[in-house]
Amino acid sequence: LAMAEPLPEAPHPLPRQAAHLLETLLIKNPQEFRFSTTILKPLQISVEKIAEKHIGILTKKEIHQAAILVIDHQENAVKAYVGNHPTRSWNKNSAAIDLIQRPRSTGSLLKPYLYAVMLEEGKLLPDMLVPDRPTHFEGFVPKNYDLSYRGAVPAKMALARSLNIPAVHMLQQYGVAPFAHLLKKLGMKHLFRPPEDYGLSLVLGGGEGTLWELTSMYSRMAQIAKGGIYAQEDYMAETKVRLSPHSRERFPVLIGPGASYLTLESLKAVSRPGVDSFWKSFASARPVAWKTGTSYGHRDGWAIGSDGRYTVGVWTGNATGEGRPDLSGLNAAAPILFAVFNRLEPGGWWQPPVSDLKEVEVCRDDGYLPFAGCETQVVKVPFNSHFEKLSPHHRMIHLDENGRYQVHGLCEDTSKMRHESWFILPAKQAYFYAKGHMDYKRVPPYREDCVQSVSEDDDVLGFLYPPQGAEVYIPREFGG
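So, how was this worked out
- Residues numbered from 1 in each chain as written.
- Predicted model: local features only at pLDDT ≥ 70, side-chain atom pairs only at ≥ 80, totals over all residues.
- Heavy atoms only, no water.
- Axes fitted to C-alpha atoms, helices over the stretch in contact; angles between N-to-C directions.
- Helix = DSSP H or I, 4+ residues; strand = E, 2+ residues; numbered from the N terminus.
- Parallel < 35°, antiparallel > 145°, perpendicular 65-115°, else oblique.
- Contact = heavy atoms within 4.5 Å.
- Nonpolar A, V, L, I, M, F, W, Y, C, P; charged D, E, K, R; others polar.
- Polar contact = N/O pair within 3.5 Å; in protein donor to acceptor, adjacent residues only side chain to side chain.
- Salt bridge = Lys/Arg side-chain N within 4 Å of Asp/Glu carboxyl O.
- Pairing = 2+ DSSP bridges.
- Disulfide = S-S within 2.5 Å.
- Buried < 20%, exposed > 50% of the residue type's maximum accessible area, 1.4 Å probe, protein only.

Colleague: Looking at this structure, I do not really get the packing of helix H3 (residues 111-120) against helix H6 (residues 176-185). What am I missing?
Modeller: Relative orientation and spacing of two packed helices are given, respectively, by the angle between their axes and the distance between those axes. For the pair H3 and H6, interaxial distance at closest approach is 11 Å and the crossing angle is 105 degrees. Of the possible angle classes, the one that applies to H3 and H6 is roughly perpendicular. Residues Tyr113, Leu114 and Val117 of H3 pack against Phe179, Leu182 and Leu183 of H6. Here the contact of H3 with H6 is composed, by residue class, of six nonpolar, no polar and no charged.

Colleague: Help me out: how do you make sense of the side chain of glutamate 412 in this one?
Modeller: Take glutamate 412: it is sitting in the loop between strand E12 (394-399) and strand E13 (418-423). Looking at glutamate 412, its side chain comes within polar contact range of the side chain of arginine 447, at 2.8 Å. When neighbours within four sequence positions are excluded, glutamate 412 is seen to be in contact with Asp400, Val407, Met417 and Arg447.

Colleague: Before we go on, may I ask you to explain the pattern of salt bridges in this structure?
Modeller: Counted by the stated rule, this structure contains 18 salt bridges. Where arginine 286 meets aspartate 307, a salt bridge forms, and the shortest distance between an N and an O atom there is 3.0 Å. You can see arginine 286 sitting in the loop between helix H9 (257-267) and strand E7 (289-294) and its partner aspartate 307 sitting in the loop between strand E8 (300-306) and strand E9 (310-317), a full 21 residues away along the chain. Three or more residues joined by partner-sharing salt bridges are found here, namely Asp72, Glu75, Lys79, Arg309 and Glu345.

Colleague: Would you take a moment to explain the sheet that holds strand E2 (residues 77-82) for this structure?
Modeller: Adjacent strands of a sheet pair through backbone hydrogen bonds, lying either parallel or antiparallel. If you walk across this open sheet you meet the five strands as E2-E1-E9-E8-E7, and the pairing is antiparallel. With one partner strand each, in any of the chains shown, E2 and E7 form the two edges of the open sheet. Taking the axes of each pair of neighbouring strands and ignoring which way they run, one obtains an average angle of 10 degrees across the sheet. The sheet contact formed by strand E1 (residues 65-72) and E2 spans five bridges and is antiparallel. Across the sheet, residue isoleucine 71 finds its bridge partner in E2, namely valine 78. Each of E1, E7, E8 and E9 is contacted by helix H10 (residues 329-341), which is oriented at about 35 degrees to E8, the strand it contacts most.

Colleague: What should I look at first to understand the state of the cysteines in this one?
Modeller: Between two cysteines, a covalent bond joining their sulfur atoms is known as a disulfide. Tallied over the full model, the rule gives two disulfides. Two residues share a disulfide in this structure: cysteine 363 and cysteine 374, whose sulfurs sit 2.0 Å from each other. Handedness here is read from the sign of the S-S torsion; for cysteine 363 and cysteine 374, about -80 degrees, the answer is left-handed. One end of the pair, cysteine 363, is in strand E10 (residues 357-363); the other, cysteine 374, is in the loop between E10 and strand E11 (376-382), and 11 residues separate them in sequence. The pair formed by cysteine 363 and cysteine 374 is uniform in burial state, with each residue classed as buried. Covalently, cysteine 411 is tied to cysteine 450 through a disulfide, its sulfur atoms 1.8 Å apart. Here the disulfide of cysteine 411 and cysteine 450 is right-handed, its torsion about the S-S bond being about 100 degrees. With cysteine 411 in the loop between E12 and E13 and cysteine 450 in the segment after helix H11 (427-436), the pair connects residues that are 39 residues apart, well separated along the chain. In this structure cysteine 411 comes out as buried when scored by relative accessible area, which is 15%. Judged by its relative accessible area of 0%, cysteine 450 is buried. Ordinal numbering of bonded cysteines along the chain defines a disulfide pattern of 1-2, 3-4.

Quick look at the structure:
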């Protein structure tokens, strides 16, 4: 028999790119049958291959999931969306869950926003020293990831090194309730508890957010640093996976271009993992402002970064919430972040928003406004910043003719005194600060005949524990 036409061949398998995105869109829009998105197919395939490769490595460490989101913040559009393992059977290791949309502990990802809003409101300057010493906050005892103390550290360095203790001191100064209110306004919808329930741990991961929310926030900061005003982050409005520029609602610009730019500049100094740590040595170096986060118990590893065009967000962990010793933002998520950036065309870096910055003279030693004849330097701050604090660490001291001892008017003729500006930290900070700063000079002691009329102060002796006003309970033994 001769057939009039050949039989059709077996159907090709349907494509499975962005499968988790499709499921999420169907849940949000159950009446729709076709979706128009801004996903770039070649990039989506490339990012899925990166996810598959790195999950294969992480699985050996019993870390089974990763999620990746790529936003072009010049176009306000999502370009790649990997909600979970792209190829593994959806019945294994919770692979069907879209983890871009699941709230998880944020780790340290909110620190840049605390830094930025304090710059914006004039409560902080970039080089201002923040305490980094053993501290007790009514039972809450934060520790740095490396379990070390620096005594005092410039705020921008504390951010770049993601130090926990300085961040908690900054939040205590700013206030938990105002910070929680700010985060809700910026789009964090899962902070539903009262601020006092989160307490100071909010800046260390005490609250929850999704990769969707957090990457959106970082993307908006990048957009604002360029002088743009970001629309409401409704990526899925009108079944289009994008930031709709026609959205009726807009997030208020609570953190302006100046503070956003300075924050990104600080995040550019974050040390990178592996061979990427040498990025400045190459002519083709790609500057990226990025931040990691690791939740309590090593349950979540985050990394989010931006260059002049793209923002990439990565979450790694287990959908079941199980922690693993090797699960951290630096070890698990950061390598994926930079692998994705290496597949994107270079986005350049931001030009300083000159009209939104001004120069301020500060003390070189502690970053406060000049006082007591301190040596000064000029720093850039947001234009609307009205920081007013004079340096509390510089003091004019009076020395004898040889400069060996302190004296005062009751024990020395003023004509024989030498007057010098001296950088003096409180004893609780100076002890740790001096270990890392060999040039730190402790103030000379008073001459023997001058000691009797000197009042005590915290520069000589300070108690790390118990803090002022603490009540210490001593338990009774069985013997009474």
